[in-house]
Amino acid sequence: MLTGQPSGKELLSLIDRNLVASSRVMTARMIVGGARGSRTIEFNAWTEGDKRSFSEYTSPAREKGTKMLKLEDKLWIFSPSTDRIIQITGQMLRQSVMGSDLSYEDMMNNGDLASHYNAKITGSDTLQGRKCWVLRLDAITDNDAYQLRLVKVDQERLIPLSEELYAKSGKLLKRIVLSDVKQIQGRWYPMKMVYRDMLKNGDGTQFIITTLKLDEKMPENIFSKASLK
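Residues numbered from 1 in each chain as written. Predicted model: local features only at pLDDT ≥ 70, side-chain atom pairs only at ≥ 80, totals over all residues. Heavy atoms only, no water.

Enquirer: Mind showing me how you'd approach the overall build of the chain here?
Expert: Helix and strand counts for the chain come out as two helices and 13 strands. Computed over C-alpha atoms, the radius of gyration of the chain comes to 18 Å, within 12% of the 17 Å expected from 2.2 N^0.38 for 229 residues, which places it in the range of a compact globule. For the C-alpha atoms alone, the extent of the chain along its principal axes is close to 55 × 40 × 35 Å. Considering the chain as a whole, with its 229 residues, one finds that 48% of them fall into the buried category. Long-range pairs, those at least 24 residues apart, make up 46% of the contacts in the chain with a sequence separation of at least 6. Carbon together with sulfur atoms contributes 48% to the accessible area of the chain, which is approximately 11,900 Å² in total. In the chain, the 35 positive side-chain charges and the 28 negative ones have mean positions that sit 3 Å from each other. (Helix = DSSP H or I, 4+ residues; strand = E, 2+ residues; numbered from the N terminus. Rg over C-alpha atoms; globule rule 2.2 N^0.38 Å. Buried < 20%, exposed > 50% of the residue type's maximum accessible area, 1.4 Å probe, protein only. Contact = heavy atoms within 4.5 Å. Areas by Shrake-Rupley, 256 points an atom, 1.4 Å probe, with all protein chains shown as cover. Lys, Arg positive; Asp, Glu negative; His and termini not counted. Charge placed at Lys NZ, Arg CZ, Asp CG, Glu CD.)

Pasting the structure below:
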């Protein structure tokens, strides 16, 4: 645990040190709540920095073989049912992924917070039985989907345990609760995140990481359009 309270900027850098990696390789599943019950989507993902990402869906059968490739600010999706590659850009990146509470931006983001937000500690609280700092993040530019983030940060492990994400208008867009925190290669990392899109009805989406490797060397050919087919 830190001795004394850090500045907002220092705390943000410590969070990034835990959560941001040069690369991530994971297997994960999303449990999407809905009016007719929940459904589970499983996938594998490879991410390099905040510029390149590739994922492939492995179940259920109707989603199996769907692939997504991100290069810089562009995203392509291959659908095996139509045998087509579709490009998603701009505002479309903020649309829901397969009916979940996550957007394409949420799914593909592996960037740091410190270069996108100004940070200020505004108080303290207790969450999940742990002492937290309340951190206010204001976006540096208008480009970020979330212009304000209110984050409760575990004072000992230096990771978020909850987030509220706001639009520039001040409207609350999403709530996230982070839990099942484990040590992965010397870092604290939440293995379960529950997203709730506040603009739609539903029980939220559980995002559960089942395996995670950080700072792995990536196969170069995976981040190419040839990988989509």
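Enquirer: Where do I start with the side chain of aspartate 16 in this structure?
Expert: Position of aspartate 16 among the secondary structure elements: in helix α1 (residues 8–19). No salt bridge is formed by the buried aspartate 16, whose closest oppositely charged neighbour, arginine 187, lies at an N-O distance of 9.0 Å. Setting aside residues up to four positions removed in sequence, aspartate 16 forms contacts with Asp112, Leu113 and Ala114. (Salt bridge = Lys/Arg side-chain N within 4 Å of Asp/Glu carboxyl O.)

Enquirer: Sorry, what's going on with the pattern of salt bridges here?
Expert: Proximity of charged atoms lets side chains of opposite charge pair with each other. If you walk through the whole model with that rule in mind, you get 18 salt bridges. Between lysine 229 and aspartate 83 there is a salt bridge, and its shortest N-O distance comes to 3.6 Å. Taken together, the residues lysine 229 in the segment after β13 (205–214) and aspartate 83 in the loop between β5 (74–79) and β6 (84–88) connect sequence positions 146 residues apart. Under the relative-accessibility criterion, aspartate 83 is labelled partly exposed at 46%. Several salt bridges share partner residues, and in doing so they unite Arg130, Asp154, Glu156 and Arg157 into one network.

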